[in-house]
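Close look at the chain arrangement
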Amino acid sequence: MAGRCRECGAVYSAWILADGTVEPIGKKGGCRCGASNFETLSQ
Ligand SMILES: [Zn+2]
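All of these numbers come straight from a predicted model, not from anything done at the bench. (Residues numbered from 1 in each chain as written. Predicted model: local features only at pLDDT ≥ 70, side-chain atom pairs only at ≥ 80, totals over all residues.)

Looking only at helices and strands, the protein features zero helices and four strands. The helix and strand sequence of the protein, counted from the amino end, reads β-β-β-β. With respect to the three principal axes, the spread of C-alpha positions in the protein is 25 × 20 × 15 Å. Across the 43 residues in the protein, those meeting the buried criterion constitute 19%. The long-range fraction of contacts in the protein, counting pairs at least 24 apart against all pairs at least 6 apart in sequence, stands at 46%. (Helix = DSSP H or I, 4+ residues; strand = E, 2+ residues; numbered from the N terminus. Buried ≥ 20, exposed ≤ 12 C-beta atoms within 10 Å, placed from the backbone. Contact = placed C-beta atoms within 7 Å.)

Following this line, the structure appears as structure tokens:
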């Protein structure tokens, strides 16, 4: 699965957590822009 930052549009490989949260792999602090809200990308 991939996740895209809602703020800057950066795309990361991501996990989808049980509660629906999108968490970028290896990016515990969130996006490089500082945002932590992601949306899933269907591939
Ligand atoms: Zn971002």
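What follows covers the sheet that holds strand β2 (residues 11-16). With antiparallel pairing, four strands are arranged side by side in an open sheet as β3-β2-β1-β4. Each edge of the open sheet carries a strand with a single partner, namely β3 (22-24) and β4 (38-41). For this sheet, the mean angle separating the axes of adjacent strands, direction not counted, is 50 degrees. Strand direction decides the pairing type here: strand β1 (residues 2-5) and β4, joined by four bridges, are antiparallel. Across the sheet, residue cysteine 5 finds its bridge partner in β4, namely phenylalanine 38. (Pairing = 2+ DSSP bridges. Axes fitted to C-alpha atoms, helices over the stretch in contact; angles between N-to-C directions.)

What follows covers the confidence of the model for the protein. This prediction gives the protein a mean pLDDT of 91; 98% of its residues lie at or above 70. Between the elements of the protein, mean pLDDT differs from a low of 91, seen in β3, to a high of 94, seen in β1. (pLDDT = per-residue confidence, 0-100.)

With that settled, consider the pairing of β1. Side-chain alternation along β1 places Gly3 and Cys5 on a buried face and Ala2 and Arg4 on a face that remains uncovered. Alignment of β1 against β2, held across three bridges, turns out to be antiparallel. Bridged to arginine 4 within β2 is valine 11. Linkage of β1 to β2, two consecutive antiparallel strands, is achieved through a turn of five residues, within which glycine 9 is found at a positive phi near 85 degrees.

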